[in-house]
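Tertiary structure, described
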Amino acid sequence: MQSARIRKRIAFGASIAAIAVTASLVSGCTSAPAETGGGGGAAGDGEKFVIGFQQPLGGQAWREMGLASLQALAARPEYKDKVELKIVRTNDNDAAQQNAAIQNLIAEGVDAILFDPASATGADAAIAQAEAAGIPVVANGGPYENEYVYTVSTDWANAGTVGAEWLVSQLGDNKDVAVLEGLAGVPLNDGSMPGVEEILTEGGANIVAQGTNGWNEADAQKNMAQILQSNPDLGGVYSFLTGGQGIPAAFSDAGIEYVPVVGGSGYNGEACTLVDSAPDGLVGNMVFGQPAIYAKGLEQAVLLLEGESIEQQQFFPPLEITDENAAEYCLPDQADNFQLGYDFPGLDLTVDEVLAFYQK
């Protein structure tokens, strides 16, 4: 379990794995809210539990895949007769909008609330109202600093260091590496990169070039190409949470042999690039959090509503796609930007189930 200090450091940006495509305030639901009011649902009495989900950055691929996984699980036979979802998206990463949206869910009488935190404390007013009404609240996707809130999240504190440790293990005699951070100023990035650089340097790597990937494969490719112009003899590349397609493409375009690459957008193209380019010597580790953490949150919320006890803080390791297992993830019939991580261990969601709800 993470310390409170570490969780607070990364909470604001823990759910930001890529630049968002913003969307205006949109509300969607599978049914009308329950008439019984907050915390009082009883699925065994013929009434379904109404579970609200508040999602910032509506429209971003990672989050849309998470919602698709959430809805796919809710449609399963073991859930469909006892769960109704009320999904509310808000634009940007606006904590005030999120707080207001959660307050609206409370007013509509939901039985439980899941939310992907837009900040570490920005929904405190709404959470106080939920607590007063006896409505359980689950921070789903990233942690949140409130003793009342349950957390079901990727262990984002390790998302950066896992890849750094892997890269150190892959370096040969050439220890020179390039490092591309995501977006400076975003807490997930700024909280993770010092640890990444520490692991690299303590492991013997020499950071000879630095840049950004903008959490965008095109930017990763462009900026990597610029680095290669003055540093063509690298021994490895670390790119935080993006770059599994763009960086190998930059090497290929420059006619330079591949080196070990760390990326991690979780797009289908990363896995397929590893598969397609492995015969040419590409090895890589693409580290990302599964969007289906939303479905795991739903599973845990239902257990709570049914009277079960669950752990207050649940952190799950990020997914690693490497050249050794990439063939298991690459979907040749899906687009490069199709978001992977649609399943979660123990839930066994299929592509077809999730695609029924996925908004591209």
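Here, every reference points to the structure presented above.
The sections below set out a description of the structure shown in this document. Per chain, the residues get numbers from 1 upward, laid out in the order the sequence is written. Only residues with pLDDT of at least 70 get local features here, since the model is predicted, and only at 80 or more are side-chain atom pairs given and counted; chain-wide, interface and lining totals rely on the full set of residues. By convention in this description, side-chain values take in all heavy atoms of the structure and omit both hydrogens and water.

1. Comments concerning the state of the cysteines
- Only a pair of cysteine sulfur atoms within 2.5 Å qualifies as a disulfide here. With the rule as written, the count across this model stands at 1 disulfide.
- A disulfide bridge connects Cys272 with Cys330, and the sulfur atoms are separated by 2.1 Å. Taking the sign of the S-S torsion, about 100° here, the bridge from Cys272 to Cys330 comes out right-handed. Residue Cys272 is found in helix H10 (residues 268-277), and its partner Cys330 is found in the loop between helix H12 (326-329) and helix H13 (351-355); the two are separated by 58 residues along the sequence.
- Take Cys272: its relative accessible area is 10%, and that puts it in the buried class. Helix numbering and strand numbering both begin at the N terminus, where a helix is a DSSP run of H or I of at least 4 residues and a strand a DSSP run of E of at least 2. Residue burial is assigned from relative accessible area. The probe radius is 1.4 Å, only protein chains are included, and a residue is buried under 20% of its type maximum, exposed over 50%, and partly exposed in between.

2. Regarding the layout of surface pockets
- The computed volume of the second largest pocket comes to approximately 180 Å³.
- Both site types are read off a 1 Å grid over the protein atoms alone. A 1.4 Å probe that fits but cannot get out defines a cavity, while an open set with protein on both sides within 12 Å along at least five of seven lines defines a pocket; lining residues have an atom within 4 Å of a point. Lining the second largest pocket are Gln290, Leu319, Glu328, Tyr329, Leu331, Leu340, Gly341, Tyr342, Asp343, Phe344 and Pro345.
- Residues are grouped as follows: Ala, Val, Leu, Ile, Met, Phe, Trp, Tyr, Cys and Pro are nonpolar; Asp, Glu, Lys and Arg are charged; every other residue, Gly included, is polar. Looking at the lining of the second largest pocket residue by residue, the classes come out as 7 nonpolar, 2 polar and 2 charged. Grid points are joined across faces, edges and corners, and a volume is the space filled by probe spheres set on the points.

3. Quick notes on the nonpolar core
- To form a nonpolar core, buried Ala, Val, Leu, Ile, Met, Phe, Trp, Tyr and Cys residues must be joined to one another through side-chain atoms within 4.5 Å. Counting 86 residues, the largest nonpolar core has Ile51, Leu70, Met224, Tyr238, Phe251, Leu298 and Ile321 as its most contacted members.
- Considering each element in turn, this core owes the most residues, 9 residues, to helix H2 (residues 61-74).
- Ranked by size, the runner-up nonpolar core spans 18 residues in total, among them Ile102, Val137, Ala139 and Tyr144.

4. Regarding the pattern of salt bridges
- One side-chain nitrogen of Lys or Arg within 4 Å of one carboxyl oxygen of Asp or Glu is enough to make a salt bridge. A complete count under the given rule lists 6 salt bridges for this structure.
- Measuring nitrogen to oxygen at the nearest pair gives 3.1 Å for the salt bridge that ties Arg89 to Glu64. Note that Arg89 is positioned in strand E3 (residues 83-89) and Glu64 in helix H2, a separation of 25 residues in sequence. Like Arg89, the residue Glu64 is buried in the burial classification.
- Note that Glu78 and Arg76 form a salt bridge whose closest N and O atoms lie 3.8 Å from each other.
- Arg76 gets classed as buried once you look at its relative accessible area, which sits at 15%.
- Through salt bridges with shared partners, a single ionic network connects Arg76, Glu78 and Glu353.

5. Side note on the environment of Ala327
- As for its position among the elements, Ala327 is in helix H12.
- Judged by relative accessible area, which is 61%, Ala327 ranks as exposed.
- C-alpha separation for the pair Ala327 and Asp276, spaced 51 residues apart in sequence, amounts to 9.3 Å.

6. Quick notes on the pairing of strand E5 (residues 137-140)
- On E5, burial covers both faces: Val137 and Ala139 on one face and Val138 and Asn140 on the other are all buried.
- Here a strand pair is declared whenever DSSP counts at least two bridges between the two strands. When strand E4 (residues 112-115) meets E5, the two strands line up parallel, connected through 3 bridges. Of the residues in E5, the one forming a bridge with Phe115 is Ala139.
- This β-α-β element, E4 to helix H5 (residues 124-133) to E5, shows right-handed connectivity.
- Here 3 bridges tie E5 to strand E6 (residues 150-154), and the two strands are oriented parallel to one another. Paired with Ala139 across the strands is Thr151, a residue of E6. Classification remark: right-handed applies to a crossover when, strands pointing away from the viewer, the course from the first strand over the helix to the second runs clockwise.

7. Observations regarding helix H4 (residues 95-107)
- What a helix is expected to span follows from its residue count: subtract one and scale by 1.5 Å. An ideal rise of 1.5 Å per residue puts 18 Å on 13 residues; H4 measures up with 18 Å between its terminal C-alpha atoms.
- Within H4, burial applies to Ala95, Gln98, Asn99, Ala101, Ile102, Leu105 and Ile106. For H4, the buried positions fall inside an angular range of 165° around the axis, keeping them on one side. For H4, the exposed residues lying more than 90 degrees away from the buried face are Ala96 and Ala107.
- It only takes one pair of heavy atoms within 4.5 Å for two residues to be counted as in contact. Of the surrounding elements, those touching the buried residues of H4 are strand E2 (49-55), E3, E4 and H5.
- Between the side-chain oxygen of the N-cap and the backbone nitrogen of Ala96 there are 2.9 Å, and the N-cap of H4 in question is Asp94. Here, the arc refers to the directions that run from the helix axis to the C-beta atoms. Polar contact is defined as a pair of N or O atoms within 3.5 Å, subject to the rule that within protein one atom must be able to donate a hydrogen and the other to accept it, and that residues adjacent in sequence are counted only when both atoms are side-chain atoms.

Scope: geometric values only; no functional claims are made or implied.
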